[in-house]
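# Geometric and topological summary
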Amino acid sequence: MANLLTMQFCATLRKPGNLKPLRSTSTALTNKRSYSSEDREYLHKSIVPTMHYQKSLPRLPVPKLEDTIKRYLAAQRPLLDDDQFSTTEKLARDFENGVGKQMHEELVAQDKQNKHTSYISAPWFDMYLSARDSVVLNFNPFMSFNPDPKTEYNNQLVRATNMVASAVRFMKTLRAGLLEPEVFHLNPAKSDTDSFKKLIRWVPSSLSWYGAFMVNAYPLDMSQYFRLFNATRIPKQGKDELFTDPKGRHLLVMRGGNMYVFDVMDRDGNLVEPAEIQAHLKHILSDPTPAAAHPLGLLTSENRDTWARLREKLLATGNGEVLGLVDSALFCLCLDDENMNDHIHISHNMLHGDGTNRWYDKSFSIIMAKCGNAAINFEHSWGDGVAVLRFQNEVFKDSTENPLVNPGSQPAAVDSASAVRRLQFNLDAELENGVIKAKENFHTAVSKLTIDAMQFMKGGKEQLKKKKLSPDAIAQLAFQMGFLRQYGQTVATYESCSTAAFRHGRTETIRPATIHTQRCAQAFVQQPGKHSVEQLIGMLSECSKYHGQLTKEAAMAQGFDRHLFAMKYLANSKGQALHSLYQDPAYAAINHNILSTSTLTSPAVNLGGFAPVVPNGFGVGYGVHDEWIGCNVSSYPERNVHEFLQCVHKSLEDIFSVLEGKPLS
């Protein structure tokens, strides 16, 4: 399969949030749909059942051990001096020819015994759920919605009502098996047609992937989608659990740290009247109840073991029923009483806020500011953002093109006071003190975070493609140049790549810091007068080609990170001593990702962001658009994010100047 997939396909499979189809059977953000009242329950009705391809998806391959070692050493080369590399190479070869062979064979044998899943799925869930750090900053990212093109629809009440209705319609479409399967079409004239869909729907699901493959269409794994709704991460000592209860018909709404629930589906599972949803949300927005004195949502920002202990205390003091309502709610809607000033303000509010008006453990929350700015903040253990971005695309399209209420709509004349329940919790002194301590810890953590943004307006995807350069490769190169200019170093860099082309695939890592980017960055930054324009363009081309190769390998699950991780996990689970390769400082260093990067472009998304994954790192969210390049970057006090973005901007200026034939000054 790997050699038949084109680079064009692979290039779309990079980020947790970058599963944006070249042409997808997903109707989100493609053609405008016709809409009638009888179809109110569903977004659309797919000819092909949602999970039609799932059974026949190819299995995630375990790479060859020799390939993994070769790729590992290639990634280590630019990060180490000659002596360090010599040591790391000896350890890697010893591993490859010794205990590594046995570990690899054990992993392959285990994988063959578990053909229903992938070799990375269980270890990856375990890694996330065993982490004891707060999910805030360390795991939960955000993606903000673009404003509704019709300005008057950005009213908080109107937009919240429409998004809730669209979200319920998405959920119903998914559960009814009517949501279009997620498929990449490399030849849409053949595969993205009604005639093909009518044919492929009759092919047994055990063979359907092969039918799509024959016409150059690639279905993607959708196994994570069921955890979008009625799902919550439950804190437990040592390792958390994922809870899902599809019977819940209610929405969780937060305002001023208070928590409310009301049903958004009736007993027959139908969407309640949108005017009723509007009335209930209006009731919550006008509720005179003071802000919660001890907002319980703060506990979800705590260290996981601390939160697990306090949750047990909550249950012991008679709060089991209300916690059950929180956990089983379809999702969480956070109504904030604050207007957003700018992109930086949006980023801080949607990434973390003040901690009082969030329940960070819900699979996702829609956050709606007073001014109508909206975003999704999602808990990361259950999935990699593939399902979240599809959801966000569909909700944006449906709520803007088919709004069920408008600025002139009157809320229904219903008794919201009895339909809406404000949740009351019994808190003793220990729990109140726990909330107070959580608030202190929260503010200590978020006060250290700085976010800044940059827009480079002198060129983008179109110009780079004309020069036959990968836009993503050039963006990544600019980060390498920027860091070299600022700190004089090449450091471990992480770019996540989805492996959703395989059953229960998660992610693989692209390692953008290479000998090619190092050589090119040094030429641009440290030796600006030494090379001709032609030589510099040649270096840019080498960087682009190699980055393209790494991207293709990662999309085909042919990186090295997950393979090494899975073997280490297997050895630990069996109580076996780890080989010296895993004790090597170079192994620790390459997994201490100072530059953690993620790209996202979607017509639904305004910007996305996340915190650094290490204290001395940067969290780099970026998008390469047709005519410009944008970055939204975070850091802690050990790094200067403002200076970094200036250095990245300077790097992009230099690159685009050279592409115009101008020598470096």
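Note that the structure is predicted; figures quoted are calculated from it, not measured.

### Some details on the overall build of the protein chain
Secondary structure summary: the protein chain contains 24 helices and 18 strands in total. In summary, the protein chain has a C-alpha radius of gyration of 25 Å against a globular reference of 26 Å for 665 residues, a match within 12%. In terms of its C-alpha atoms, the protein chain occupies a principal-axis envelope of roughly 75 × 65 × 55 Å. Each of the 665 residues in the protein chain was classed as buried or not, and the buried ones make up 59%. Long-range pairs, those at least 24 residues apart, make up 80% of the contacts in the protein chain with a sequence separation of at least 6. As displayed, the protein chain offers around 25600 Å² of accessible surface, 50% of which is attributable to carbon and sulfur atoms.

### Describing the UniProt feature "active site" (unreviewed entry) in the protein chain
Mapped onto this numbering, the UniProt entry annotates "active site" (unreviewed entry) at His-380. Note that His-380 resides in the loop between strand E10 (374-378) and helix H14 (386-401). Each residue touching His-380, except ones within four places of it in the same chain, is listed here: Tyr-128, Phe-139, Asn-140, Pro-141 and Arg-506.

### Concerning the side chain of Asn-593
Relative to the helices and strands, Asn-593 resides in the loop between helix H23 (585-590) and strand E15 (595-599). Residue classification places Asn-593 among the buried residues on the basis of a relative accessible area of 8%. Side-chain polar atoms of Asn-593 contact the side chain of Arg-511, separated by 2.7 Å. Sequence-distant contacts of Asn-593, defined by excluding residues within four places in its chain, comprise Ala-492, Thr-493, Tyr-494, Arg-511, Val-613 and Val-614.

### Some remarks on the packing of helix H18 (residues 471-487) against helix H20 (residues 533-555)
Across the interface, H18 lies against H20 with an axial gap of 9 Å and an inter-helix angle of 115°. Judged by the angle between their axes, H18 and H20 are roughly perpendicular. Two packed elements cross with a definite hand, and for H18 against H20 that hand is right-handed. Contact residues: Asp-472, Ala-473, Ile-474, Gln-476 and Leu-477 in H18; Leu-540, Cys-543, Ser-544 and His-547 in H20.

### As for helix H4 (residues 99-112)
The terminal C-alpha atoms of H4 lie 20 Å apart, and with 14 residues this matches the ideal 20 Å at 1.5 Å per residue to within 8%. Those residues of H4 that fall on the buried side of the exposure criterion are Gly-100, Met-103, His-104, Glu-106, Leu-107 and Asp-111. Seen along its axis, H4 keeps its buried residues to an arc of 160°; they face one direction. Exposed and oriented more than 90 degrees from the buried face of H4 are Glu-105 and Lys-112. As for H4, its buried residues are in contact with helix H2 (65-76), helix H3 (82-97), helix H21 (561-573) and helix H22 (580-583).

Rules used in this analysis
- Residues numbered from 1 in each chain as written.
- Predicted model: local features only at pLDDT ≥ 70, side-chain atom pairs only at ≥ 80, totals over all residues.
- Heavy atoms only, no water.
- Helix = DSSP H or I, 4+ residues; strand = E, 2+ residues; numbered from the N terminus.
- Rg over C-alpha atoms; globule rule 2.2 N^0.38 Å.
- Buried < 20%, exposed > 50% of the residue type's maximum accessible area, 1.4 Å probe, protein only.
- Contact = heavy atoms within 4.5 Å.
- Areas by Shrake-Rupley, 256 points an atom, 1.4 Å probe, with all protein chains shown as cover.
- UniProt positions renumbered as here; feature names shortened; annotations may be inferred.
- Polar contact = N/O pair within 3.5 Å; in protein donor to acceptor, adjacent residues only side chain to side chain.
- Axes fitted to C-alpha atoms, helices over the stretch in contact; angles between N-to-C directions.
- Parallel < 35°, antiparallel > 145°, perpendicular 65-115°, else oblique.
- Left-handed = near helix turned anticlockwise from the far one by under 90°.
- Expected span 1.5 Å × (residues − 1).
- Arc of directions from axis to C-beta.

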